[in-house]
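Notes for the structure review
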Amino acid sequence: MVSLRATCSLVRPSPVLNASPSSRFSNFAASSFLLSPSYSPAIFQRKWRWSLGRGRQPCALAQLYSLTSPALSLRPSHSQGLQQRSPKSRYLAGSEKGLRFIGTDGSARSARVAAASSSSPSAVATSNESTGVKELPKTFEFSCEERLYNWWESHGYFRPDSNQNGEPFVISMPPPNVTGALHMGHAMFVTLQDIMTRHYRMRGRPTLWLPGTDHAGIATQLVVEKLLASEGVKRADLGREEFETRVWEWKRTYGGRITNQLRRLGASCDWERERFTLDEKLSTAVVEAFVRLHEKGLIYRGSYMVNWSPNLQTAVSDLEVEYSEEPGTLYFFKYPVADGNAEDYLPVATTRPETVLGDTAVAVHPLDQRYAKFVGKMAVVPMSGGRKIPIIADEYVDREFGTGALKITPGHDPNDYAIGQKTGLPIINIMNKDGTLNENAGNYSGLDRFVARKQLWADLESIGLAIKKESHTQRVPRSQRGGEVVEPLVSKQWFVTTGPLAEKALHVLESGELRIIPDRFEKIYVQWLTNIKDWCVSRQLWWGHRIPVWYVRGIDGAEEKYFVAHSEGDAYIKARAVYGDAVKLEQDPDVLDTWFSSGLWPFSTLGWPNTEAEDFQRFYPTAVLETGHDILFFWVARMVMMGLEFTGKSPFSTVYLHGLVRDAQGRKMSKSLGNVIDPLDTISEYGTDALRFTLATGTTPGQDVNLSMERLNANKAFTNKLWNAGKFILQNLPPISDDAGWKELSMQKDSHLLENLALPERWVVTKLHMLIDGVTSSYEKYDFGEVGRAIYEFFWTDFADWYIEVSKTRLYKNEEPLSARQAQHTLVYVFTTIMKLLHPYMPFVTEELWQAMPHEGDALIISKWPQRGSSKDEQALQQFGDLQTLIRSIRNARAEYSVEPARRISAVIVASSEFQDYLLEEKKVLMALAKLDPTTLLFTSSTPREADQAVHLVIAEGLEAYLPLADMVDIGKEVERLTKQATKLQAEYESNMKRLSSSKFLDKAPADIVQGVKDKANEADEKLQILRKRLTVLESMAVGTKNR
């Protein structure tokens, strides 16, 4: 090992040490770290660079220590000192504050000081010095999330366990764009996929969630071109090779931002298997796929209609075109009939008058009598210098729309292109690749398309061919990436013949090998594949997978000849066999559509085309593909087609589709509306667990989610409730020094042996076991909303509101040690089981609480999932249910009579022997939860003598309660209070009846107003009757008291 002293110049000053790299910082770093012999200082400086985030916080020495690179190791003698110097800060870049350490693979390495030096993540629970009881901090601190995540990752918990048998559960992460920054769509897919992954990992299946990023050809090239523009440099100035070098530099510097942000969401994917679509092995897979498809005759080159982006200078996919409703203009003008008089013309309308210069026909409906006389004649193209085109009849034309006459421009409209193909019309392209008009536009050549539009219309007006123009709302196709209006254009491109591939993809759905959740999307899948068009896979970009085609050069008459090969060397071997050694080759300049490489993602990431690769053999096909419903056709269907074509198997058996995340009002989030919710800001305020739980419980498959701050606040409160419950349990366990007691509590018995437990314990354990069964089934049905809601309801209502309160009667001043131990066991068993069930949703707070509790195993993330089919006690449900109803009824009566919360009241419980047996056993629970006076509480089988002076509660057949009114209220004050209420109600009643007795009101007031007054009068009368009965009872009691 060699010293790092020589390398410290690359490290920025540390505010922690308040010293520069040349002084104290360098000396401490040099003495603290050892550099592997395989890494010279020069290599180390070249390989690593610091990348500052938005916060511009300088580097701290702890971050240097945190590197996971094998280049560094820490001298043991400096471990403690280094940790003392570590700041509490964030380490992620992009929209997060703080630093990140960027490796040559583009991954950001978070600080992992605590994780690397600790075998346990539990750094928050402490022992109370006076009692020895284990304690948690007052609240759950979100800052612990990073510590827990790093601990999980450093211990390899995200990797599939090679020792586990059984069918693997595998998910391929939809690769986010390498240019991406975290948004709520990412938060949704990470939440749902992590829920599945953590669940099946705990179920004991070898689990792999394989992450990665997409090279995002258009988006990444745009980003780098903008950076170059800020330097006054254009892409063309650099040349292709240098430009690609600059893009790779950008990727190495910023490419890890999105994956680090996914970590913030708790994504437990196997980062050691992280892939990038331009990785060497994945690029090999792309070339192999192209070559195989070409060899089967499924790839060809031809001129067809594509979406053309003038600014990007490339064809773009349908997915990359967004249609927006925008105000525009509809232009009406005359199309003169050749050799006719001034009245012989067809009126046509268009939103793009400049395209008239590319018209090759005018069409009318065959049955439209207005224009029947013109069919078969010729029309003169306005402003074309006299070019003539045919007037044709075609049923495609809608007689009722517009003028009923349609200009046909096969070169610049997809519908017109289809008509032109059907009728054999020529194609005239009037547009250059940059959106200017070409020589076919005559006098308008060289003008921008929008400038030409204005000029041509002005010219039509000047010669009298313009009829009118009117405002018109139109659907405008815009490039998703560049924002400019996309131009339909006929261009020579590479296409995949999709028909044979689509047939296979349809068959796996029909046969049941593939299912789509929700199943209503199966119809859309079938419809798209049934009507599929050939796929344009070429893009006129420099960033991406270069098309593996080499054209012949230097041979007369062979300019259109080409060779498809795995490499340039293979292409030359093929070419020389045909044209001799003198032949020259030039590779096609285009790259493949990003969706082409993404279509191979589920199997190229596992080693394909090497089908003997260990990962391919073990993990393909994958289990589930989870993604947004908006890319069902563009990505999901293509993966199915490619997977079946190249592996003979569907790449996954289940497709789970989620919806969009919208704002609280159901609007799509957009910067223009100012309603974008940043996940990182949300995490900072509410915590990752609350965000995940909100997203997961607010969704059903395929439905959009409205994200409200109210629900986030409620689930933040849920996190706090979990934390407080954990604190309560720990405070009521034996001291941490009681090893035997803690060991006994950590053993997960069948709590389990229900017959040995008291009623409340049997009830809550039975309810828990029912929850386990229901939740596990819902997990398997992908009903994640129901899973979260069921756990929430059980914890909040059954456990927190009921059993924890019951347990206090066993734990506080209890002279029965056995019942206290049972309560401790039950609290730990139920609570840690809840943590297991809830962990996939809320991984951080559950792991922290589980680690603080008595438990078996090293980590909650890899603990065993609760077993279905555990014992249940149906009788306990009924009996404790009766006790709950009794307590609720008494509480309601107390509230109705405004009894002070702390005041204990008398009660007579009239119960048959069937009820008395178990109610007497839980007398303490009844007294504690209903606030009853233990000195006056009476159990009997007959009605008490003064029943008429008590509140009578009927709980069930054979179970009633009487609450003496004198014990609940001050009779005199209550009579006074109720009398005032009765007077007020009487006045309200009389006022309403007076209005109803007025014929003027009844005749003129609307019927709903009259009915409203009647309803108010009836309501006041009903309340009066109840108050008078209550007053009668109280007054008689007051008289009886005086007589005594």
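Residues numbered from 1 in each chain as written. Predicted model: local features only at pLDDT ≥ 70, side-chain atom pairs only at ≥ 80, totals over all residues. Heavy atoms only, no water.

**Quick word on the packing of aromatic side chains**
This is how the line gets drawn: The pairing test for Phe, Tyr and Trp rings, Trp by its six-membered ring, is centres within 6.5 Å, and the orientation test on the planes gives stacked under 30 degrees, edge-to-face over 60, and tilted for anything in between. Secondary structure counts use DSSP, requiring at least four H or I residues in a row for a helix and at least two E residues in a row for a strand, with both numbered from the N terminus. Exposure is judged per residue with a 1.4 Å probe applied to protein chains only, and the accessible area is read against the type maximum: over 50% gives exposed, under 20% gives buried, and values in between give partly exposed.
Going through the model one piece at a time under the given rule, you end up with 45 aromatic pairs. Ring centres of Phe243 and Trp542 lie 5.8 Å apart, and the angle between their planes is 70°; on these two criteria the pair is classed as edge-to-face. Of the two residues, Phe243 is situated in helix α10 (residues 240-254) and Trp542 in the loop between β25 (538-539) and β26 (549-553); the sequence distance between them amounts to 299 residues. Taken as a pair, Phe243 and Trp542 share a single burial class, namely buried.

**A closer look at the nonpolar core**
To keep things clear, this is the line we draw: The definition of a nonpolar core used throughout is a set of buried Ala, Val, Leu, Ile, Met, Phe, Trp, Tyr and Cys residues joined through side-chain atoms within 4.5 Å. Any two residues whose heavy atoms approach within 4.5 Å at even a single point are treated as in contact.
Formed by 150 residues in total, the largest nonpolar core has its most connected members in Phe799, Tyr841, Ile909 and Leu926. A per-element tally of this core places helix α27 (residues 784-811) first, with 12 residues. Not counting residues up to four positions away in its chain, the partners in contact with Phe799 are Ile729, Val764, Phe794, Ile804, Leu827, Val830, Phe831 and Ile834.

**Comments concerning the sheet that holds strand β21 (residues 466-479)**
The criterion, for reference: Paired strands, as defined in this entry, are two strands with at least two bridges between them according to DSSP. Structural elements are reduced to axes, namely lines fitted to C-alpha atoms, with helices fitted over the stretch in contact, and the angle between N-to-C directions of any two is expressed from 0 to 180 degrees.
Spatial ordering of the open sheet is given by β16-β15-β21, a layout of three strands whose pairing is antiparallel. The two strands at the open ends of the sheet, each matched to only one other strand, are β16 (345-350) and β21. The mean angle between the axes of side-by-side strands here comes to 20°, regardless of whether they run parallel or antiparallel. Sheet topology places strand β15 (residues 321-336) next to β21; 13 bridges connect them, and they run antiparallel. Across the sheet, Val321 pairs through a bridge with Ser479, a residue of β21. Relative to the sheet, helix α14 (residues 449-462) contacts β15 and β21, its axis offset from that of β21 by approximately 165°.

**Regarding the packing of helix α23 (residues 688-697) against helix α29 (residues 843-852)**
The condition that has to hold: Orientation is classified from the angle alone, with under 35 degrees giving roughly parallel, over 145 giving roughly antiparallel, 65 to 115 giving roughly perpendicular, and any other angle giving oblique. Side-chain classes follow a simple rule in which Ala, Val, Leu, Ile, Met, Phe, Trp, Tyr, Cys and Pro form the nonpolar group, Asp, Glu, Lys and Arg form the charged group, and the remainder, Gly included, forms the polar group.
Interaxial distance between α23 and α29 falls to 7 Å at its minimum, and their mutual angle equals 125°. Looking at the two axes, α23 sits oblique to α29. Residues Thr688, Asp689 and Arg692 of α23 form the contact with α29, whose own contacting residues are Pro843, Phe844 and Val845. Here the residues of the contact of α23 with α29 sort into three nonpolar, one polar and two charged.

**Quick notes on the environment of Gln884**
Its place among the elements puts Gln884 in helix α30 (residues 874-896). Owing to a relative accessible area of 7%, Gln884 belongs among the buried residues under this scheme. It is 9.8 Å that separates the C-alpha atoms of Gln884 and Ala930, two residues lying 46 residues apart in sequence. With residues near it in sequence (within four places) discarded, Gln884 still touches Trp763 and Trp802.

**With respect to unusual backbone geometry**
Of the consecutive residues Ile517 and Pro518, the connecting peptide bond is found in the cis state with omega at 0°. Relative to the assigned elements, Pro518 resides in the loop between β23 (515-517) and α16 (521-530). At the junction of Tyr620 and Pro621, the peptide bond is cis and its omega measures out at 0° in the coordinates. With respect to the helices and strands, the residue Pro621 is situated in the loop between α20 (614-619) and β30 (624-628). Phi at Ala216 takes a positive value of approximately 50°, unusual for a residue other than glycine. Along the chain, Ala216 falls in the loop between β11 (212-213) and α8 (217-230). Classification of Ala216 by relative accessible area gives buried; the value is 5%. Phi at Lys931 is positive, roughly 55°, even though this residue is not glycine. By the secondary structure assignment, Lys931 is in the loop between α32 (923-930) and β35 (938-940).

**A word on helix α34 (residues 971-996)**
Selection criterion: To estimate how far a helix should extend, the number of its residues minus one is multiplied by 1.5 Å.
If you check α34, its first and last C-alpha atoms are 37 Å apart, about what 26 residues at 1.5 Å a residue would give, namely 38 Å. Where α34 is concerned, the buried positions are Ile971, Glu974, Val975, Leu978, Ala982, Leu985, Asn992 and Leu996.

**Describing the pairing of strand β19 (residues 388-393)**
Pairing of strand β17 (residues 361-364) with β19, which is carried by three bridges, proceeds in the parallel orientation. Paired with Val364 across the strands is Ala393, a residue of β19. Pairing geometry for strand β18 (residues 378-380) and β19, over three bridges, is antiparallel. If you follow Ala379 over to β19, its bridge partner there is Ile389.

**Concerning the sheet that holds strand β20 (residues 405-408)**
Pairing within the open sheet is mixed, and its four strands lie in the order β18-β19-β17-β20. Either end of the sheet is taken by a strand with one partner, and the two such strands are β18 and β20. Along the sheet, successive strands turn relative to each other by an average axial angle of 30°, direction set aside.

**Considerations on the environment of Ile772**
With respect to the secondary-structure elements, Ile772 resides in helix α26 (residues 759-780). By relative accessible area, which is 1% here, Ile772 ends up buried. Residues Ile772 and Gln867 lie 95 residues apart in sequence; the distance between their C-alpha atoms is 7.4 Å. For Ile772, the residues in contact, after removing those within four places along its chain, are Thr833, Leu837, Pro866, Gln867 and Arg868.

**Remarks on the side chain of Thr766**
Definition in use: Whenever two N or O atoms come within 3.5 Å, that pair is a polar contact, provided that in protein one can donate a hydrogen and the other can accept it, and provided that, for residues adjacent in sequence, both atoms are side-chain atoms.
Its location among the elements puts Thr766 in helix α26. Residue Thr766 is classed as buried on the basis of its relative accessible area of 0%. Engagement of the side chain of Thr766 in a polar contact is seen with the backbone nitrogen of Asp873, the distance being 3.0 Å. Excluding residues within four positions of it along the chain, Thr766 makes contact with Leu754, Lys872, Asp873 and Leu877.

**Comments concerning the packing of α30 against α32**
Helix-helix packing: each pair is described by the crossing angle between the helix axes and the interaxial distance. Heads up, the rule is: By definition, any crossing whose near helix is turned counterclockwise from its far helix by less than a right angle is left-handed, and any crossing with a clockwise turn is right-handed.
Contact geometry for α30 and α32: axes closest at 9 Å, N-to-C directions at 30°. With respect to α32, the axis of α30 lies roughly parallel. Crossing of α30 over α32 shows right-handed handedness. Along the contact surface, α30 presents Leu883, Leu886, Ile887, Ile890, Arg891 and Arg894, while α32 presents Val925, Leu926, Leu929 and Ala930.

**Structural notes on a negative patch on the surface**
Counted only if it meets this: Exposure above 30% relative accessible area and the absence of a salt bridge qualify a residue for a patch, where like charges join within 9 Å and nonpolar side chains (Val, Leu, Ile, Met, Phe, Trp, Tyr) within 5 Å. To be clear on the numbers: accessible area is Shrake-Rupley with a 1.4 Å probe, and residue cover counts the displayed protein chains and nothing else. A pair is scored as a salt bridge if a Lys or Arg side-chain nitrogen falls within 4 Å of a carboxyl oxygen belonging to Asp or Glu. Positive charges come from Lys and Arg, negative ones from Asp and Glu, while His and the chain ends are left out of the count. Taken as the charge location is NZ of Lys, CZ of Arg, CG of Asp or CD of Glu.
Where like charges cluster on the molecular surface, the negative patch consists of Glu815, Glu816, Glu914, Asp917 and Glu921. By secondary structure assignment, the location of Glu921 is in helix α31 (residues 913-921).

**A closer look at the confidence of the model for the protein**
Any residue range with low pLDDT should be treated as having predicted coordinates unsuitable for detailed reading. The condition that has to hold: The predictor attaches a confidence to each residue, called pLDDT, with possible values from 0 through 100.
Here the protein shows a mean pLDDT of 85. Residues at 70 or above account for 86%. Counting interchain partners and residues more than four positions distant, the pLDDT-below-50 stretch residues 1-118 has 237 contacts.

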